[in-house]
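What follows is each chain in one-letter form.
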Amino acid sequence: MANDEAKSFDGFSLFASLTPSQREEVVKSCRWKRFPAQEQIIDRQAESRDIYFVVSGRVRIIIYSLLGREITLADLGPGEFFGELSALDGRPRSASVLSLDNTLVAILSPEQFVRLISAYPNLALDVMRRLTSIVRHATNRIMELSTLGANNRVHAELLRQARVAPRDSQGRAVLRPIPVHSDIASRVSTTRETVARVFGDLAKNKIVSRERDALIVLDIERLIILVEDVRGD
């Protein structure tokens, strides 16, 4: 199994600057753990400081409002990592992490992680780029929550997903599997009923179309206009 695990690290962009033997050293320093779907991996405010690398499966980064509403910050898949904030600053966890699928993670202690980024400047730079991305994403979310109504936040989230989704032969964005209303609601801090209503309006206006196993964004330009007109872009 160790060789398979080492090969799994070959797909991590974070370790792209390391040689195969250096990646293997990282593998040897890790603990490996599997989590079944829907199991909590990290609890917010926990004192643990390990950093986790997703080898297979998917995880969701979440926080809860004062009223107990779940708010999704991000979904991470193979090749991504989480827990770096506590590993670096020694403070409690800032969010909870839940496995979405049967998930295999590699776990590195904070001391080993700090030694790793100290020894390899290119890897440290990649970690800084990751932290920069988190800050930019958080800034965008704060702006949307402050300036956009619930309907428009749903439009913005759908547009984000459409921009990275594969295209069909007609150049239309294909979201597969179909976005779950409750997941969208969790991402944009609204209700599932609001998301269902917005999706219904978009379908009525022929901006999206639901097929058996996918949501097709028929007119991404009109979706962009819906978002940018409200943002003032």
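Position numbers for residues start from 1 in each chain and track the written sequence from start to end. Residue-level local features of this predicted model are given only where pLDDT is at least 70; pairs of side-chain atoms are given and counted only at 80 or more, and the full residue set underlies all totals for whole chains, interfaces and linings. Excluded from the side-chain calculation are hydrogens and water; included are all heavy atoms of the structure.

Enquirer: How would you summarise the sheet that holds strand S2 (residues 40-42) if you had to cite specific residues and measurements?
Expert: Should DSSP find at least two bridges between two strands, the strands are regarded as paired. Each helix is a run of H or I in the DSSP string that is no shorter than four residues. Each strand is a run of E no shorter than two, and both are numbered from the N terminus. Taken together, four strands build an open sheet; the order of strands is S2-S7-S4-S5 and the sheet is antiparallel. Looking along the sheet, the strands with just one partner apiece sit at the ends: S2 and strand S5 (70-76). Averaged over all pairs of adjacent strands, the angle between strand axes in this sheet comes to 35°, irrespective of strand direction. Strand direction decides the pairing type here: strand S4 (residues 59-64) and strand S7 (residues 96-99), joined by four bridges, are antiparallel. Bridge pairing in S7 links Ile61 to Val97. When checking whether two residues touch, look at their non-hydrogen atoms; a contact exists if any pair is within 4.5 Å. Note on definitions: angles span 0 to 180 degrees between N-to-C directions of axes, and those axes are lines fitted to C-alpha atoms, for helices only across the stretch in contact. Here helix H7 (residues 181-188) sits on the sheet in contact with S4 and S5, set at roughly 105° to S5.

Enquirer: Describe the pattern of salt bridges, naming the residues involved and giving the relevant values.
Expert: Salt-bridge detection follows one rule: a side-chain nitrogen of Lys or Arg within 4 Å of a carboxyl oxygen of Asp or Glu. Counted according to the given criterion, the structure contains 13 salt bridges. For the salt bridge of Asp101 with Arg58, the shortest nitrogen-to-oxygen distance reads 2.8 Å. Note that Asp101 is positioned in the loop between S7 and strand S8 (103-108) and Arg58 in the loop between strand S3 (51-56) and S4, a separation of 43 residues in sequence. Residue burial is assigned from relative accessible area. The probe radius is 1.4 Å, only protein chains are included, and a residue is buried under 20% of its type maximum, exposed over 50%, and partly exposed in between. Owing to a relative accessible area of 27%, Asp101 belongs among the partly exposed residues under this scheme. By relative accessible area, Arg58 is classed as partly exposed at 37%. Glu144 is the partner of Arg160 in a salt bridge, and the nearest nitrogen-oxygen pair spans 2.9 Å. Of this pair, Arg160 sits in helix H6 (residues 150-164) while Glu144 sits in helix H5 (residues 121-147), and the two are 16 residues apart along the sequence. On the basis of relative accessible area, Glu144 is assigned to the buried category, the value being 5%. The network of salt bridges with common partners includes Arg60, Asp75, Glu144, Glu157, Arg160, Asp183 and Arg187.

Enquirer: Lay out the packing of aromatic side chains with the relevant residues and their values.
Expert: Here a Phe, Tyr or Trp ring, Trp counted by its six-membered ring, pairs with any other such ring whose centre lies within 6.5 Å, and the pair is stacked when the planes are under 30 degrees apart, edge-to-face when over 60, and tilted otherwise. Per the counting criterion, the structure on display carries nine aromatic pairs. Centre to centre, the rings of Phe9 and Phe12 are 5.0 Å apart; their planes meet at 65°, and the pair counts as edge-to-face. Geometrically, the ring pair formed by Phe9 and Phe53 is edge-to-face, given 5.8 Å between the ring centres and 65° between the ring planes. Residue Phe9 is found in helix H1 (residues 2-9), and its partner Phe53 is found in strand S3; the two are separated by 44 residues along the sequence. Across this residue pair, the class does not change: Phe9 and Phe53 are buried. A connected cluster of aromatic rings, assembled from ring pairs, spans Phe9, Phe12, Phe15, Trp32, Phe53 and Phe81. Against the face of Phe81 rests Arg130, its NZ or CZ located 4.5 Å from the ring centre. We call a charge positioned above a ring when the Lys NZ or Arg CZ atom is no farther than 6 Å from the ring centre and deviates by at most 35 degrees from the ring normal.

Enquirer: Give a description of the environment of Phe35 that names residues and reports values.
Expert: Mapped onto the secondary structure, Phe35 falls in strand S1 (residues 31-35). Residue Phe35 is classed as buried on the basis of its relative accessible area, which comes to 4%. For the pair Phe35 and Thr19, spaced 16 residues apart in the sequence, the C-alpha separation amounts to 29 Å.

Enquirer: Can you lay out the sheet that holds strand S11 (residues 215-217) for me, pointing to particular residues and giving the numbers?
Expert: By definition, the strands of a sheet pair up through backbone hydrogen bonds, in either a parallel or an antiparallel sense. Spatial strand order, S9-S11-S10: three strands in an open sheet with antiparallel pairing. Since the sheet does not close on itself, it has two edges, and those belong to strand S9 (173-175) and strand S10 (208-210), each with one partner. Ignoring strand direction, the axes of neighbouring strands in this sheet form an average angle of 20°. Note: S9 against S11, three bridges, orientation antiparallel. Looking across to S11, one finds that Ala173 is bridged to Val217. Set on the sheet, H6 makes contact with S9, S10 and S11; between it and S9 the angle comes to about 105°.

Bear in mind that shape data such as this cannot, by itself, settle questions of function.
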